[in-house]
Amino acid sequence: MARCERNSDCSTHRAMKPTRSPSLTAALTAIALLCGACTSSNDAATDARIVLSCARSASQWLDSWLDGTSPSSYARRSVDSASEQVGKIAGELQSSEPVAQIRGVQAAFDAARTALNSGDRARVQQARSTLNDATIRLDAWMRAHPGSAS
Amino acid sequence: MKKLLEISLGVVTSIGGFLEMGEMSTAAQAGAAFHYQLLWTVVLGTVCITFLTEMSGRFAAVSGHTIVDGIRDRFGIKVLALPFVSTAIVSLLVLSAEIGGVSVALEFATGIGYQWWALPVALASWLFLWRGTFGMLEKGVSLFGLVTLCFVVAIIRLKPEWTQVAAAAVPSRPHGQAATYWFMAASILGASLSPTLFLFYSSGAIEDGWDRSYLGPNRVIAALGMLFGGVISAAVLLISAHVLNGRGILDVQDFHQLPLLLVDAFGMWGFVLFVASLGIASLGAALEVALLEAYLFAQTFGWNWGQDCPPRANPGFSLVYTCALFVGAVPIAAGADPLKLTIFSMALTAVNLPLMVAPFIVLMNDEHYMGEHCNGPVSNVAVIGITGLAFLLGIVTLPLQYFGGT
């Protein structure tokens, strides 16, 4: 019985809710749009930062392969793993993101993977140079866009 | 002096609680993203866990009970049920993460994917627990765990700005990325303040036969053991700030990035030392957490327990760590990302902490158990502070995991 009364109170309360005023609707819409914009901008910055970190890590792995300071299997697996992550991000790019720069890094990763698999020192050096160039371009984009500083 | 040599219990507990996959990952992420700025979380975590560990040792030495045993004895099985279930589940996830840590170290060493190592690691850990004694675990992990001191040597060789390091030991607000900053602060505290750590310590004190004569040594063992873990965790964060943040690597999303930490300081040996440190620390933690699962079940249900007895003397206890190790290996063998699993289990650890700490506070103030060794005002304030902090962590960590975490 008590439960029924409480339920009916609830529905009464719902029925008596004031209709949303136009100004409230506008404010909510504005907040939603702002949040959406912020999220989108944050996502772009986060994605670019992750790709940049992957690219800089890959430079280290290639260096360690060239210097012989780590096993070659480690460098190969690390580059493969980071390349997969960059590929995922590149596959879901939005217009607000540095599409060309991220695709450039992705291409440099592909070159690095091929070079490491071939085991050819000269090709690895070339791939490292390509990766550095792509990293510099992405870094420049991030510096040019406030809120996504590297 | 002989009692002080039991520092190995403090060190082995510390390795399981501080130096495992969780602390290494969170400290490395924090250093990469925020340079030295989050050092204060390691300092705070170390102070808090030192208090909790000292209390759990004092409780065991004075009352002759472990914490789980004491909660069951004082409040009954109904009150213990919730902390028991949640701690058992969270510990299983942490065990998976640690098996992942050892497997990743083996992948680095051999080039064979970490998934293939999960079951052999579980089998080797099981053999160690099945055949070994508690003393072997304490001494073995403590001795081999000393390899993790390479992080301290590395940071000294990297010559950080010590004035900046000292300034970072004081809490400060972030300059940007506030949500990520607080998420990482919560993760580091969650990784440090694990209930696994003090529950294991109290069981270890009973295994080692502590009595009231250990009250003094307990203070020293808890303080030095936790300081050992805290200093090395701080070193990981500082090295990450130097090596990763210094090169513009601001995100650690992949466990393959971690071995880069020691290469600057030691060259080729840096890779070897990192692999050894990760493997030994994670193995120590896996053994500790598997044993903790067994302690938890045995003490909750009143079974025989003790790592020094042969398995046939306490079959339930042995069965639990056997099952825990093999169930824990399954997610890693199935290809779960060890780094993501670690971060997730650290967040859950933080949520779980108050469930075990709240009844523990009551026990520490109960004269029936503690006599004249009840908590003083300093200990009480510390414990209430820790509980408040843990509660805050529980509230903050999981939403941030989704909205602010990297």
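About the criteria used
- Residues numbered from 1 in each chain as written.
- Chains lettered and ligands numbered in written order.
- Predicted model: local features only at pLDDT ≥ 70, side-chain atom pairs only at ≥ 80, totals over all residues.
- Helix = DSSP H or I, 4+ residues; strand = E, 2+ residues; numbered from the N terminus.
- Rg over C-alpha atoms; globule rule 2.2 N^0.38 Å.
- Buried ≥ 20, exposed ≤ 12 C-beta atoms within 10 Å, placed from the backbone.
- Contact = placed C-beta atoms within 7 Å.
- Expected span 1.5 Å × (residues − 1).
- Core = buried A, V, L, I, M, F, W, Y, C linked by C-beta atoms within 7 Å.
- Nonpolar A, V, L, I, M, F, W, Y, C, P; charged D, E, K, R; others polar.
- Axes fitted to C-alpha atoms, helices over the stretch in contact; angles between N-to-C directions.
- Parallel < 35°, antiparallel > 145°, perpendicular 65-115°, else oblique.
- Left-handed = near helix turned anticlockwise from the far one by under 90°.
- pLDDT = per-residue confidence, 0-100.

Draft legend 1. Broad picture of the overall build of chain B. For chain B, the count of helices and strands is 18 helices and zero strands. The globule rule puts the C-alpha radius of gyration for 406 residues at 22 Å, and the 20 Å found for chain B is close to it. Its C-alpha atoms give chain B principal-axis dimensions of about 55 × 45 × 45 Å. Taken across its 406 residues, chain B has 59% of its residues classed as buried. Residue pairs in contact within chain B that sit at least 24 positions apart in sequence constitute 86% of those at least 6 positions apart.

Draft legend 2. How the structure looks around the overall build of chain A. A count of helices and strands for chain A gives five helices and zero strands. Along chain A, helices and strands appear, N-terminal first, in the series α-α-α-α-α. Scored against the burial criterion, the 150 residues of chain A give a buried share of 33%. Across chain A, contacts joining residues at least 24 apart in sequence account for 69% of those joining residues at least 6 apart.

Draft legend 3. Just helix 3 (residues 39-63) of chain B, in detail. All names here are of chain B. Helix length check: helix 3 (25 residues) gives 36 Å between terminal C-alpha atoms against 36 Å at 1.5 Å per residue, within 8%. Burial analysis of helix 3 places 22 of its 25 residues in the buried class, which makes it a mostly covered element. One or two steps after helix 3, the chain reaches Gly64, where phi turns positive at roughly 75 degrees.

Draft legend 4. Here's a closer look at the nonpolar core. If you look at the biggest cluster of nonpolar residues, it comprises 165 residues, and the most contacted ones within it are Val51, Ala58 and Ala112 of chain A together with Leu237, Ala290 and Ala294 of chain B. Counting residues per element, this core draws most heavily on helix 14 (residues 268-301) of chain B, which supplies 21 residues. Among residues more than four places away in sequence, those in contact with Leu237 of chain B are Ala27, Ala30, Gly31, Leu38, Leu39 and Val42 of chain B.

Draft legend 5. Local environment of unusual backbone geometry. Phi at His35 of chain B is positive, roughly 55 degrees, even though this residue is not glycine. In this structure, Lys159 of chain B takes a positive phi of about 50 degrees despite not being glycine.

Draft legend 6. Representation of the interface of chain B and chain A in the model. Contact residues are listed per partner, giving 17 residues for chain B and 20 residues for chain A. Those elements that provide at least two residues to the side of chain B that touches chain A are helix 13 (260-266) and helix 14 of chain B. Broken down by class, the residue content of the side of chain B that touches chain A amounts to eight nonpolar, six polar and three charged.

Draft legend 7. Structural detail: the packing of helix 5 (residues 77-110) of chain B against helix 14 of chain B. All names here are of chain B. Orientation of helix 5 relative to helix 14, taken along the N-to-C sense of each, is 155 degrees, at an axis distance of 8 Å. Of the possible angle classes, the one that applies to helix 5 and helix 14 is roughly antiparallel. Of the two possible hands of crossing, helix 5 and helix 14 adopt the one that is left-handed.

Draft legend 8. View of the packing of helix 5 of chain B against helix 6 (residues 118-131) of chain B. Residues and elements named next belong to chain B. Across the interface, helix 5 lies against helix 6 with an axial gap of 9 Å and an inter-helix angle of 110 degrees. Taken as axis vectors, helix 5 and helix 6 run roughly perpendicular relative to one another. Crossing of helix 5 against helix 6: the hand is right-handed. The segment helix 5 lies against helix 6, with Ile99, Val102 and Ser103 engaging Ala118, Val121 and Ala122. When grouped by side-chain class, the residues that make up the contact of helix 5 with helix 6 number five nonpolar, one polar and no charged.

Draft legend 9. Main features of helix 5 (residues 121-144) of chain A. Given a rise of 1.5 Å per residue, 24 residues ought to cover 34 Å, and the 35 Å separating the end C-alpha atoms of helix 5 of chain A matches this to within 8%. Where helix 5 of chain A is concerned, the buried positions are Val124, Ala127, Arg128, Leu131, Ala134, Thr135, Leu138 and Met142 of chain A.

Draft legend 10. Fine view of the environment of Leu39 of chain B. All names here are of chain B. Note that Leu39 resides in helix 3. C-beta crowding within 10 Å serves as the criterion here: with 28 such atoms nearby, Leu39 is assigned to the buried category. Along the backbone, Leu39 and Ala166 are 127 residues apart, and their C-alpha atoms lie at a distance of 9.0 Å. Dropping the residues within four chain positions of it, Leu39 is found in contact with Val165, Ala168, Ala169, Ala234 and Leu237.

Draft legend 11. Local environment of the confidence of the model for chain A. Overall, the prediction assigns chain A a mean pLDDT of 73, with 65% of residues at 70 or greater. In the predicted structure, residues 1-40 of chain A sits below a pLDDT of 50 and forms three contacts with residues beyond four places in sequence or in another chain.

Draft legend 12. The arrangement of the environment of Ser96 of chain B in detail. Residue and element names in this part refer to chain B. Note on placement: Ser96 falls in helix 5. You can call Ser96 buried: it has 29 C-beta atoms within 10 Å. C-alpha separation for the pair Ser96 and Gly225, spaced 129 residues apart in sequence, amounts to 24 Å. Beyond its immediate sequence surroundings of up to four residues, Ser96 is in contact with Gly328, Pro331, Ile332 and Leu341.

Draft legend 13. Local environment of the environment of Pro120 of chain B. Considering the arrangement of structural elements, one finds Pro120 of chain B in helix 6. Separated by 162 residues in the primary sequence, Pro120 of chain B and Ser282 of chain B have C-alpha atoms spaced 14 Å apart.

Draft legend 14. Up close: the confidence of the model for chain B. Residue and element names in this part refer to chain B. Across chain B, pLDDT averages 85, with 91% of residues at or above 70. When pLDDT is averaged over each element of chain B, helix 15 (residues 315-333) comes out on top at 95 and helix 1 (residues 7-17) at the bottom at 59. The ipTM for the predicted assembly is 0.79, set against a pTM of 0.84.

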